[in-house]
Amino acid sequence: MAIADVLEVARRDPSAVAVFTDFDGTLSHIHADPDAVVPVDGAVVALEALRQVLGAVAVISGRPIDFLARHIPEAVDLSGLYGIERRVGGVPGVIPEADAWRPVIREQLDDAQRRFPPEVIEDKGYSLTLHFRRTAELEDEVALWAHEVAAQTGLQARPAKMSIELHPPLPLTKGDAVRSLTSGQTAIVYLGDDHGDAPAWQELRAGAYEAIACVVVTSDDTPEELRGLATDIVSSPESAVALLNEIASVATGQVSSSPSN
Ligand SMILES: [Mg+2]
């Protein structure tokens, strides 16, 4: 199965289709300064167009809702921090189990700020990401510290592109977010670019869906094992947006999804 099967469902019954997408590296280019990341041209318009016609549309990210909400309008649902935070129907929420971990994160944030330069540290409130894109020479030291903290506190150390994240040990993945944001849709698209997206693609592959598209957005540093989860590969966030626009066009009846056209 692949995107052509989802387009077939979208042509017939757009309300049966859900589109879920990661943010960084998928709708946006990765930037050395995480705060400077913005969606590529057309990304937000494409999501809004999909929201008009499909059964569900959401951005599922490791970023906090505060950050995502700066870029993504309320009509589009959000799952932030791998599901710790969400904004559904415009209403924000946090899962209660996360509260106990907030002081633990705060304490490690203080320690990180004493040890590492500011460009390494991204304070996400309920989690903490350490970046070495601009400080490659610190990668080993930062990773060692993160794994020591994880061993001492029970936080999880999760690797990502040029970064490592300390996250509460809650059984939440982007696969869970996909399940919780799906309400009866049978054709599901998930777009992503990194390790944290793998559980979402695995959820699609394991679930009893009529059609799925596991779209991997590639770049120079795409983890090789992720390509094996893909049903479809696009080579840039701009191409990902083009795919979203194609789904919207098919769902609104503006083009045929027939492979012969
Ligand atoms: Mg990403």
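Bear in mind that the values here come from a model prediction, so they are computed numbers and not experimental data.

Caption draft 1: How the structure looks around the packing of helix H1 (residues 3-12) against helix H9 (residues 237-251). Where H1 meets H9, the closest approach of the two axes is 8 Å, and the angle between their N-to-C directions is 30°. Pair H1 / H9 crosses with right-handed handedness. Only Leu-243, Glu-246, Ile-247, Val-250 and Ala-251 of H9 make contact with H1, whose side of the interface consists of Ile-3, Leu-7, Ala-10 and Arg-11. Classifying every residue of the contact of H1 with H9 by side-chain character gives seven nonpolar, no polar and two charged.

Caption draft 2: Region of the structure containing the coordination of the magnesium ion. Distances from the magnesium ion to its protein donors, Asp-22 (OD), Asp-24 (O) and Asp-193 (OD), fall at 2.1 to 2.2 Å. A relative accessible area of 18% places Asp-24 in the buried class.

Caption draft 3: Layout of the sheet that holds strand S9 (residues 163-167). A sheet is described by the order of its strands in space; here four strands give the open sequence S6-S7-S9-S8, paired in antiparallel fashion. The open sheet has two free edges, formed respectively by strand S6 (121-123) and strand S8 (156-160), since each of these has just one partner strand. Strand after strand, the sheet turns through a mean of 20° between neighbouring axes, direction not considered. Judged from the three bridges that link them, S6 and strand S7 (residues 128-131) form a sheet pairing that is antiparallel. Each residue of the ladder has a partner; that of Asp-123, found in S7, is Leu-128. The strands touched by helix H5 (residues 139-153) are S7, S8 and S9; relative to S9, the strand with the most contacts, the crossing angle is about 15°.

Caption draft 4: Broad picture of the side chain of Gln-108. Secondary-structure assignment places Gln-108 in helix H4 (residues 102-115). Filtering out sequence-adjacent residues up to four positions away, Gln-108 remains in contact with Leu-128, Trp-145, Val-149, Thr-153 and Leu-155.

Caption draft 5: Structural context of the pairing of strand S2 (residues 56-60). Burial of S2 is extensive: five of the five residues sit out of reach of the surface. Here S2 shows no split at all, with Ala-56, Ala-58 and Ile-60 on one side and Val-57 and Val-59 on the other all buried. Taken together, the four bridges between strand S1 (residues 17-21) and S2 define a ladder with parallel strand orientation. Bridging from a neighbouring strand, Val-19 pairs with Val-57 of S2. Considered for its hand, the β-α-β crossover made up of S1, helix H2 (residues 43-53) and S2 is right-handed.

Caption draft 6: Spatial organisation of the pairing of strand S4 (residues 85-88). Side-chain alternation along S4 places Glu-85 and Arg-87 on a buried face and Arg-86 and Val-88 on a face that remains uncovered. Inspection of the sheet shows strand S3 (residues 77-80) paired to S4 by three bridges, in the antiparallel sense. By the bridge assignment for S4, Leu-78 is matched with Arg-87. Here S3 folds back onto S4 in antiparallel fashion, the turn holding four residues, of which Leu-81 has a positive phi close to 50°. Here four bridges tie S4 to strand S5 (residues 91-94), and the two strands are oriented antiparallel to one another. Its bridge partner being in S5, Arg-86 is matched across the sheet by Gly-93.

Caption draft 7: Region of interest: the domain arrangement of the chain. Per the domain assignment, the segments making up the chain are domain 1 (3-8 + 15-23 + 32-95 + 185-193 + 209-251) and domain 2 (98-167). A separation of 26 Å is found between the C-alpha centroids of domain 1 and domain 2. Opposite the 17 residues of domain 1 that make contact, domain 2 presents 13 residues. When domain 1 packs against domain 2, the two sides together hide about 1300 Å² of surface, and 57% of this comes from carbon and sulfur. For the pair domain 1 and domain 2, the number of links is four salt bridges.

Caption draft 8: Broad picture of the sheet that holds S1. Ordered in space as S5-S4-S3-S2-S1-S10-S11-S12, the eight strands form an open sheet in which the pairing is mixed. At either end of the open sheet lies a strand with only one pairing partner, and these are S5 and strand S12 (232-234). The mean inter-strand angle of the sheet, taken between neighbouring strand axes irrespective of direction, is 15°. Sheet strands in contact with helix H6 (residues 174-181) are S1, S2, S3, S4 and strand S10 (187-192), and its direction is about 155° off that of S2. Here helix H7 (residues 198-206) sits on the sheet and contacts S10 and strand S11 (211-217); the angle it forms with S11, its principal contact strand, is near 160°.

What counts as what
- Residues numbered from 1 in each chain as written.
- Predicted model: local features only at pLDDT ≥ 70, side-chain atom pairs only at ≥ 80, totals over all residues.
- Heavy atoms only, no water.
- Axes fitted to C-alpha atoms, helices over the stretch in contact; angles between N-to-C directions.
- Helix = DSSP H or I, 4+ residues; strand = E, 2+ residues; numbered from the N terminus.
- Left-handed = near helix turned anticlockwise from the far one by under 90°.
- Contact = heavy atoms within 4.5 Å.
- Nonpolar A, V, L, I, M, F, W, Y, C, P; charged D, E, K, R; others polar.
- Donors = N, O, S within 2.8 Å, 3.2 Å for Na, K, Ca; no water.
- Buried < 20%, exposed > 50% of the residue type's maximum accessible area, 1.4 Å probe, protein only.
- Pairing = 2+ DSSP bridges.
- Right-handed = clockwise from strand over helix to strand, strands pointing away.
- Domains from an automatic or database assignment.
- Buried area = accessible area lost by both parts, 1.4 Å probe.
- Salt bridge = Lys/Arg side-chain N within 4 Å of Asp/Glu carboxyl O.

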